[in-house]
Structures are given as structure tokens and as C-alpha cells.
Amino acid sequence: AQKITQTQPGMFVQEKEAVTLDCTYDTSDQSYGLFWYKQPSSGEMIFLIYQGSYDEQNATEGRYSLNFQKARKSANLVISASQLGDSAMYFCAMRGTGGTSYGKLTFGQGTILTVHP
Amino acid sequence: SQTIHQWPATLVQPVGSPLSLECTVEGTSNPNLYWYRQAAGRGLQLLFYSVGIGQISSEVPQNLSASRPQDRQFILSSKKLLLSDSGFYLCAWGPGQFSNEQYFGPGTRLTVT
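Criteria and cut-off values
Residues numbered from 1 in each chain as written. Chains lettered and ligands numbered in written order. Predicted model: local features only at pLDDT ≥ 70, side-chain atom pairs only at ≥ 80, totals over all residues. Heavy atoms only, no water. Helix = DSSP H or I, 4+ residues; strand = E, 2+ residues; numbered from the N terminus. Rg over C-alpha atoms; globule rule 2.2 N^0.38 Å. Buried < 20%, exposed > 50% of the residue type's maximum accessible area, 1.4 Å probe, protein only. Contact = heavy atoms within 4.5 Å. Polar contact = N/O pair within 3.5 Å; in protein donor to acceptor, adjacent residues only side chain to side chain. Disulfide = S-S within 2.5 Å. Salt bridge = Lys/Arg side-chain N within 4 Å of Asp/Glu carboxyl O.

**Quick look at the overall build of chain A**
Thought 1: Helix and strand content of chain A: zero helices and twelve strands.
Thought 2: Here the C-alpha atoms of chain A give a radius of gyration of 14 Å, agreeing with the 13 Å that 2.2 N^0.38 yields for 117 residues.
Thought 3: Each principal axis of the C-alpha distribution contributes one length, and for chain A these read about 45 × 30 × 20 Å.
Thought 4: Among the 117 residues that make up chain A, the fraction classed as buried is 48%.
Thought 5: Across chain A, every contact between residues at least 6 apart in sequence was considered, and the portion connecting residues at least 24 apart equals 55%.

**A closer look at the side chain of Arg68(B)**
Residues and elements named next belong to chain B.
Thought 1: Checked against the element boundaries, Arg 68 lands in strand β7 (residues 64-70).
Thought 2: Note on Arg 68: relative accessible area 3%, which makes it buried.
Thought 3: Side chain to side chain, Arg 68 and Ser 50 meet in a polar contact 3.1 Å long.

**Some words on the state of the cysteines**
Residue and element names in this part refer to chain A.
Thought 1: If you walk through the whole model with that rule in mind, you get two disulfides over all chains.
Thought 2: Each sulfur of the disulfide joining Cys 23 and Cys 92 lies 2.0 Å from the other. Taking the torsion about the S-S bond as the criterion, the Cys 23 to Cys 92 disulfide, at about -65 degrees, is left-handed. Here Cys 92 lies in strand β10 (residues 88-96) and Cys 23 lies in the loop between β3 (19-21) and β4 (24-26), a separation of 69 residues in the sequence.
Thought 3: When its relative accessible area of 0% is taken as the criterion, Cys 92 is described as buried.

**What about the pattern of salt bridges?**
Residue and element names in this part refer to chain A.
Thought 1: Considering all chains together, one arrives at five salt bridges over all chains under this definition.
Thought 2: The salt bridge partner of Asp 26 is Lys 73, with a shortest N-O separation of 3.4 Å. Taken together, the residues Asp 26 in strand β4 and Lys 73 in the loop between β8 (64-69) and β9 (74-79) connect sequence positions 47 residues apart.
Thought 3: In this structure Lys 73 comes out as partly exposed when scored by relative accessible area, which is 30%.

Keep in mind these values describe shape, not function.
Below is the structure:
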């Protein structure tokens, strides 16, 4: 079974500063994928970044980077130069590659990020 | 480009009434399709997934069911809604089980009264 843990129910950051959102995971799969999604108040789920378990380099997408530490089973999201529009709920998710996973995602409980001006 | 649609956007239904939520995907073929539910302030829970027409797998026993009558159409149904069925229902698609992509629709907010 897979499990995603996000221990920060809420985070606050000042505009233009960087913030790290924590995510730890547990899986018995040798190969897996880690995702981060942003959910604004409108409810839509916006894909931010993906990290494969065999990727040697940390994933980056614009202001988003994923700090992947495989031995510690952590996949923290780093947002640089925070903007007011970054205020939202952020979810970490995992996709296993076990025999019947079929790309299913297991989600954490989420972290609410508030960016202050 | 691919797009995913869900309707209705919001729905208020009385307890015991039936439910039908629809999801369609455009611009791709043979996608993996997923139904998730999000309770207020919580993470997403996978309800059903489908890897092809007529192929449905259930993740959580409940009074909901899903069907895939066409390649790019995924329907979530219930014969009799419960109060606990209230939530935000999201449909998602992915090109394959090992893909690094999974995209979500705009969601349906269901309130059971």
C-alpha cells in the first residue's frame, strides 16, 4: 500500500520569498512517480511538477522545484519568489507501478499556502 | 490539445435521489480515466478507474457506480444518494499507467440535502 504524508496543514510566506512544502511517502514499489498539484479556491487541480523515482536530477518547472531525497522518502516542493496567486491548497501525490496500479494516484491531505503581501 | 469536461458544475440533490455525473475527454484516444472524491478540506480519494470501454475497477465499496460506455466518456452514478456522498467529484485522465501525466477536469460540487 502507498501512503503520502503532508505534515503542514497550513503555511504562510511573504511575497517574493521562497517556501518549502513537505511531503513524505511510503511505498514498496521499486518504480514510482511523485506529483504536486495546486488547487485554488475554484477547485480545479492544476498539475505543477513530476519526479520519477529513477530520475537522478530534481525536477524543475519555472518557479517550482522538487527536492527529491529518495533515501529519506521525501519529495518536498520548493516555490521560489512567491506570488499572491500562489495562495492555494497544495497536494503531493504518488503513482505506483505495481501490477494493478494503472496509474492511480494516492494523495496526501494537502497544505494550505497563504502568501502575504 | 486534450481537454476534459465535467458536468454539471454544481448539483444539489435530496437524500435518496439518483445521481449521474458525466466526464468526457477530447483530443486523445484510449485514455485511463479516474473518478476521485474530495471531502471538504481533505485530500482526494480514488473511487473508480477505467483502462478501457466497459472496464471499471472500484477502489472503495459504496453506493456509487461507474460506467464507461464510450472510449472517452466516464459516468459516475448512484441509485440512491446518501448525505455522506456530498463532496467535490473530480474526473481525471492519463495517457497510460506509467505516464507522468494525469490531468483533472473542473469538478462537480455535489451537496446532498
